[in-house]
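Single-letter residue listing:
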Amino acid sequence: MEGPASGFVADALIAEDIDAYLYQHQHKGLLRFITCGSVDDGKSTLIGRLLYDSKMIFEDQLAALEADSRRHGTQGQEIDFALLVDGLSAEREQGITIDVAYRFFATEKRKFIVADCPGHEQYTRNMVTGASTADCAVILVDARKGVLQQTRRHSYLVHLLGIRHIVLAVNKMDLVDYEQSTFEHIVADYRAFAREVGIADFTAIPISGFKGDNITKAPSENTGWYGGPSLIEHLERVEVAAIAAKERPFRMPVQWVNRPNLDFRGFSGLIASGTVRPGDPVRIVPAGKTSKVKSIATFDGDLDAAVAGQSVTITLEDEVDCSRGDVIAAAGDPPEASDQFRATFVWLSEQALKPGRGYWLKLGTQTVTANVQEPEYEIDVNTLDRLAAKTLELNSIGVADFATDRPITFEPYESSRQLGGFILIDKFTNATVGAGMIQYSLRRAQNVHWQPTTVTREDHAALKNQVPRVLWFTGLSGSGKSTIANEVEKRLAVMNRHTFLLDGDNVRHGLNRDLGFTENDRIENIRRVGEVAKLMADAGLIVLTAFISPFRAERRMVRDMLAEAEFIEIFVDTPLDVAEQRDVKGLYAKARSGQLKNFTGIDSPYEPPENPEITVNTVEMTPAEAAQHIIDAILPLK
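Every chain is numbered on its own, with residues counted from 1 as its sequence reads. In keeping with the model being predicted, local features are shown solely for residues with a pLDDT of at least 70 and side-chain atom pairs are shown and tallied solely at 80 or more, while totals for entire chains, interfaces and linings include all residues. Heavy atoms throughout the structure, all of them, feed into the side-chain values; hydrogens and water do not.

**Some words on helix α3 (residues 43-53)**
Of all eleven residues in α3, ten are buried; the element is thus mostly enclosed. Exposed residues in this analysis have more than 50% of their type's maximum accessible area, buried residues have under 20%, and partly exposed residues fall in between, with area computed by a 1.4 Å probe over protein chains only. Here a helix means four or more residues in a row that DSSP labels H or I, a strand means two or more in a row labelled E, and each is numbered from the N terminus. Along α3, the residues classified as buried are Lys 43, Ser 44, Thr 45, Leu 46, Ile 47, Gly 48, Arg 49, Leu 50, Leu 51 and Asp 53. Residues count as neighbours in contact if any of their non-hydrogen atoms are within 4.5 Å of one another. Buried residues belonging to α3 abut β1 (29-37), β2 (101-106), β3 (110-116), β4 (136-142) and α9 (231-237).

This is the structure we're talking about:
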């Protein structure tokens, strides 16, 4: 078994001057890398070997490892290094990696954080999580099996996520008697695949994670034919993204406006790229305002210059509007700002993507509402084929257009991970459901601009002597929404209020006649109605809408379109058995018999409002009483 190379020998400074050693260790560069590949390619064993050779294991841990190796190990009486990393009991029992395991180790030249990513296809989302912050990927291939579909899939994902430093580690060379021809055949196969996915370059190294060949020094006694670096030697030389980022144009997403007193106003954030100095001209994106850097403040005092990777507070010479989510950038080379763009994204939720539904999109310090359009296509990561798709399921990868409720500042992901990568968050569960990489802004977003008008929405409302409102009636079919909404509008008309009633059935005769009743069509139905209601509210009207609108997310989406307090959710609360007894249109009977699919309350869910502004119970109240209760609740309307 190979011993540790000189790069792992403890520095003499430890004995002579511990403070000097700690200072030197603190200022070493840090490389984040991942190990990935097919199942049982030896990823965990390799990381365990690195931890062992770098002397990152205490004596009691080593004793526990030896005991665990006898109990759970797969290497007979020898140490099973994989057990250092496979921490979950399920992993140890099955001998596989499920979760992403992060481990730290160091050599005399560099510090490392390695992520051991799972190889099984159902854990693709875990692999994406591990790769999102990595600068390098070590893709392992079992020398006995060669390049497999899992190897191709992970290589594609690594390239998709912007990792440009790739190591092809042909592992378990000891099991093929260290044959050079086997190694060269695998490298040739992988190079052919790499060209297909756009991987321009990679470094191939023959290793044995179990025996230690070419891990810390090369060539090993068994691979005299190999003339390249060991794995550690190569990792010590990989360029870290933070270093390359210093050469790019200046970008700093604003995390916080620092205002400790009346005499100081600074903008705090982590510099994503470039260098900044006092006096440099900068532009606030997306607003477009320009100024110059007055000072660069830190806890230890002002700086003459700051570079990518530093957290600083910048003060400007002018009083400009700048807040969290804005980006301070080089004035002559600012990033883009748009509310429509195309992106490649990975779906991470067990619940399928709902095109048209509003999700929180978080990019850097920016958080906006985003609607995902129906995917252009799904990517089969095993064959690289583009497949037609109306949605995406767990672990699927697709390309789609996104529309946000306001412009966001971004750069293509291939240029900037910080300003090109985003996550999608479910508004109700707060779960992260997707991770995406922006490709480019859509041309229609660049060519379509808001046309300013002289007569404002406030003017329209003043002309009508009323406050605009959207009264959103929601409830089961047969609950009485349309009847009550009609009664409310009649009473408002008597009061000389300017109103308009949007009824679910009426809208489907025209505006939404192309939509069916699938979950995705229901989402689009409500999105369109919400946009129309917003326009009518802009005109100063009191808008009444009577729609089942079964999903909370879409009702929340419409609420977010409108000004604060303008959306009034009215829950027409009627039990399902009562609504079914009424069944004026015979729809429940058809749904029960199977003639009508996706009917709310029968084979499609209804999500009752959690905190509606108004609730009316149609079992206890007549339509007239319910209408008067609503009128009393919304008055005055001036």
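Text resumes after the structure shown.
**Here we look at the nonpolar core**
Residues belong to a common nonpolar core when they are buried Ala, Val, Leu, Ile, Met, Phe, Trp, Tyr or Cys residues joined through side-chain atoms within 4.5 Å. Formed by 46 residues in total, the largest nonpolar core has its most connected members in Ile 34, Val 158, Leu 168, Tyr 190, Phe 202 and Ile 397. Among the elements that take part in this core, helix α8 (residues 180-197) stands out by supplying seven residues, more than any other. Core analysis: the second largest hydrophobic core is formed by 24 residues, Ala 329, Ala 343, Tyr 359 and Val 433 among them.

**Considering the pattern of salt bridges**
For this document, the term salt bridge refers to a Lys or Arg side-chain nitrogen within 4 Å of an Asp or Glu carboxyl oxygen. Following the criterion strictly, the structure yields 25 salt bridges and no others. Note that Asp 538 is salt-bridged to Arg 457, the shortest N-O span being 2.8 Å. Of the two residues, Asp 538 is situated in helix α16 (residues 519-538) and Arg 457 in helix α13 (residues 457-464); the sequence distance between them amounts to 81 residues. For Arg 457, a relative accessible area of 25% translates into the label partly exposed. One salt bridge in this structure joins Asp 514 and Arg 528, with 2.8 Å as the shortest N-O distance. Here Asp 514 is found in the loop between α15 (504-507) and α16, whereas its partner Arg 528 is found in helix α16, with 14 residues between them in sequence. Here Asp 514 falls in the exposed class, since its relative accessible area comes to 52%. Several salt bridges converge on common partners, so that one network encompasses Arg 457, Lys 534, Asp 538 and Glu 566.

**Description of a nonpolar patch on the surface**
Within the patch definition used here, like charges are joined within 9 Å and nonpolar side chains (Val, Leu, Ile, Met, Phe, Trp, Tyr) within 5 Å, considering only residues with over 30% relative accessible area and no salt bridge. Here, Shrake-Rupley sampling with a 1.4 Å probe gives the accessible areas, and only protein chains in the shown set may cover a residue. Together, Val 494, Met 495 and Leu 635 give the surface a local cluster of nonpolar side chains, amounting to about 260 Å² of exposed area. Structurally, the position occupied by Val 494 is in helix α14 (residues 481-494).

**A short note on unusual backbone geometry**
Of the consecutive residues Ala 218 and Pro 219, the connecting peptide bond is found in the cis state with omega at -5°. Mapped onto the elements, Pro 219 comes out in the loop between β6 (203-206) and α9. Positive phi values are uncommon outside glycine, yet Asn 465 reaches one of about 55°. Positionally, Asn 465 belongs in the loop between α13 and β24 (469-474). On the basis of relative accessible area, Asn 465 is assigned to the partly exposed category, the value being 44%.

**A short note on the pairing of strand β27 (residues 567-573)**
Of all seven residues making up β27, six are buried, and the element is well covered by its neighbours. As paired elements, β27 and strand β28 (residues 614-617) share four bridges and run parallel to each other. Note that in β28 the partner of Ile 570 across the bridge is Ile 614. Pairing between strands is defined by DSSP: at least two bridges between the two strands are required.

**Observations concerning the packing of aromatic side chains**
Aromatic rings from Phe, Tyr and Trp, taking only the six-membered ring of Trp, are treated as a pair when their centres fall within 6.5 Å; an angle between ring planes under 30 degrees marks them as stacked, one over 60 as edge-to-face, and anything in between as tilted. A complete count under the given rule lists 16 aromatic pairs for this structure. Taking 6.3 Å as the distance between ring centres and 85° as the angle between the ring planes, the aromatic pair formed by Phe 33 and Phe 105 counts as edge-to-face. Highlighted residues: Phe 33 in strand β1 and Phe 105 in strand β2, separated in sequence by 72 residues. In this structure Phe 105 comes out as buried when scored by relative accessible area, which is 1%. Where Phe 341 meets Phe 410, the ring centres are 5.9 Å apart and the plane angle is 45°; that geometry is what we call tilted. One end of the pair, Phe 341, is in strand β16 (residues 336-347); the other, Phe 410, is in strand β21 (residues 397-410), and 69 residues separate them in sequence. With respect to burial, Phe 341 and Phe 410 carry one shared label: buried. These aromatic residues form a ring-pair network of at least three members: Phe 341, Phe 345, Phe 402, Phe 410 and Phe 422.

**Description of the packing of helix α7 (residues 149-160) against α8**
With axes taken as lines fitted to C-alpha atoms, and helix axes fitted only over the stretch in contact, angles between N-to-C directions fall between 0 and 180 degrees. Packing of α7 against α8 leaves a shortest axis separation of 11 Å and a crossing angle of 40°. With respect to each other, α7 and α8 are oriented oblique. When you trace α7 past α8, the crossing you get is right-handed. Where α7 abuts α8, its residues Thr 151, Arg 152, Ser 155, Tyr 156 and His 159 lie against Tyr 190, Phe 193 and Val 197. Charged residues are taken to be Asp, Glu, Lys and Arg, nonpolar residues to be Ala, Val, Leu, Ile, Met, Phe, Trp, Tyr, Cys and Pro, and polar residues to be all remaining types, Gly included. Split by residue class, the contact of α7 with α8 holds four nonpolar, three polar and one charged. Any angle from 65 to 115 degrees is called roughly perpendicular, while one under 35 is roughly parallel, one over 145 is roughly antiparallel, and all others are oblique. The crossing is said to be left-handed when, going from far helix to near helix, the turn is anticlockwise and less than a right angle, and right-handed when the turn is clockwise.

**Some thoughts on the packing of α14 against helix α20 (residues 623-634)**
Interaxial distance between α14 and α20 falls to 9 Å at its minimum, and their mutual angle equals 55°. Viewed along their axes, α14 and α20 adopt a mutual orientation that is oblique. For the element pair α14 and α20, the recorded crossing hand is right-handed. Contacts between α14 and α20 involve Thr 483, Ile 484, Glu 487, Val 488, Arg 491 and Leu 492 from the former and Pro 623, Ala 624, Ala 626, Ala 627, Gln 628, Ile 630, Ile 631 and Ile 634 from the latter.

**Thoughts on the pairing of β6**
If a strand is regular, its side chains alternate between the two faces of the sheet. Summarising the sheet, strand β5 (residues 165-171) and β6 pair through four bridges and their orientation is parallel. Looking at the pairing, Val 170 lines up with Pro 206 of β6. Crossovers are described as right-handed under a simple rule: with the strands pointing away from the observer, the path leading from the first strand over the helix to the second runs clockwise. Crossover connection from β5 via α8 to parallel β6: handedness right-handed.

**Quick word on the sheet that holds β1**
Read across the sheet, six strands follow the order β2-β3-β1-β4-β5-β6 without closing on themselves; strand pairing throughout is mixed. Here the strands that pair on one side only, and so sit at the sheet edges, are β2 and β6. Here the average twist between neighbouring strands, direction ignored, is 25°. Helix-sheet contacts for helix α6 (residues 124-131) involve β1, β2 and β3, and the interaxial angle to β1 is about 160°. With respect to the sheet, α7 is in contact with β1, β4 and β5, its orientation differing from that of β1 by roughly 145°.

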